[in-house]
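Examination of the molecular architecture
Here's the letter readout for the chains.
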Amino acid sequence: MKVAFVGFGGVGQALAEILHEKKEILIKQYGLDTKVVAVSDLMKGAVYDPDGLDIPSLLNVVRNEGRVDAYPNAKEYGFSSLETIEKTNADLIVEVTFTDVQTGQPAIDHCEAAFKNGKSVVTTNKGPVALKLDELQSLADSHNCFFGFEGTVMSGTPALRLPKTTLMGNDIYEVVGILNGTTNYILTEMELGLSFDQALEQAQEFGYAEANPTSDIEGYDVRYKTAILSHYVMGEKISALDIPCEGIANLNGDMIQSALEEDKSWKLLARIRKTDDGIDARVAPEKIDANHPLAGVKGATNAILYECDLSGPIMLTGAGAGLKETGFSLLIDMIHAHQVYQKNSSIVR
Ligand code: HSE
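Summarised in this report is the structure supplied together with it. Keep in mind that this is a model prediction, so the values were computed, not measured.

**Some details on the packing of aromatic side chains**
Scanning the entire structure with this criterion turns up eight aromatic pairs. Relative to Tyr232, the ring of Phe149 has its centre 5.1 Å away and its plane inclined at 75°; by these criteria the two rings are edge-to-face. In this pair, Phe149 is assigned in the loop between strand E7 (147–148) and helix H7 (161–166) and Tyr232 in helix H11 (residues 220–233), connecting sequence segments 83 residues apart. Neither residue differs from the other here; Phe149 and Tyr232 are each classed as buried. Note on Phe206 and Tyr208: the rings are 5.7 Å apart at their centroids and 40° apart in plane angle, and the pair reads as tilted.

Take a look at the structure:
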């Protein structure tokens, strides 16, 4: 599997590191032999070598010089992201450019160009999935390509694939989740006495927050994840903008402390429920009892509760952000892509 990175920030670099560290295991365990052939990043330049780039040297130049085009003796430098998708010999594009959930661009263009050129895509970018999942999936299907986006919800904790594969046969009639690490971290730290601003600053330092943390604080990040879950897991397409959404900006220290005194906790929850007319989805802070399964989920950890008709409630909890964890979500998709090609089947999608 020849891989090209479009975007090469922390998540892309984490995946490159994982591919290097796990190279032999991936070959032995899954028969998946990966080679990174190209990287293109708006700020860090571009490098391409059809025979493969040496990952330690690549990471070395990007970390020490802040540029990928400082990589020595490659075949080609300076390809744009579209040239990287169209002109390189990559089979699979790792799309990890910044997320713009308003337009989904430039990621949507990247996905379309990849599929039209017969190349698969794995991405953690919520924009294309929240805004254009059906169109992109049919384009991928018609070009016999794989489209993987496990990391768009709860990073490497398999919130999408678990209900689609392991919980098959259930009617999942409600999903409730803590889907944003930054806000859960802030609420947890405020319970421990920190101010909102101090807690946000820490969440930014740890790299949980979006480039613009308004998206976390106002609940927009969760709203897009809710749209993805509703469409992909519950089968009801809903526009993110139609989901009522309130973030945590109106919660203050006093409210959080008095909730604790009542043996309750404030959590920013996504709720999606099937109704007779379709779906009811919303994002809002809720004060839940200490014995609610989601109340004990603290810090940047995420959790999701699937209410299922046959198995009963199933809860999945784990990291919802983090470089290695999100890099891992792309690896899950790559392994699935490989298995799909091998079996020539779409069953594991
Ligand atoms: N800013 C997001 C969070 C990152 O805090 O959960 C993952 O989408």
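Let us keep going from here.
**Observations concerning the pairing of strand E10 (residues 278–289)**
Sheet topology places strand E9 (residues 264–275) next to E10; 12 bridges connect them, and they run antiparallel. Its bridge partner being in E10, Arg273 is matched across the sheet by Asp280. In sequence, E9 turns back onto E10 through a hairpin of two residues.

**Quick notes on the environment of Lys298**
Counting through the fold element by element, Lys298 comes out in the loop between E10 and strand E11 (301–308). With 69 residues separating them along the chain, Lys298 and Leu229 place their C-alpha atoms 22 Å apart. Residues contacting Lys298, with those up to four places away along its chain left out, are Asn184, Thr188, Glu191, Ser265 and Lys267. At 3.0 Å, the side chain of Lys298 and the side chain of Glu191 are in polar contact.

Rules used throughout
Residues numbered from 1 in each chain as written. Predicted model: local features only at pLDDT ≥ 70, side-chain atom pairs only at ≥ 80, totals over all residues. Heavy atoms only, no water. Phe/Tyr/Trp six-rings, centres within 6.5 Å; stacked < 30°, edge-to-face > 60°. Helix = DSSP H or I, 4+ residues; strand = E, 2+ residues; numbered from the N terminus. Buried < 20%, exposed > 50% of the residue type's maximum accessible area, 1.4 Å probe, protein only. Pairing = 2+ DSSP bridges. Contact = heavy atoms within 4.5 Å. Polar contact = N/O pair within 3.5 Å; in protein donor to acceptor, adjacent residues only side chain to side chain.

These figures come from the coordinates and say nothing about function on their own.
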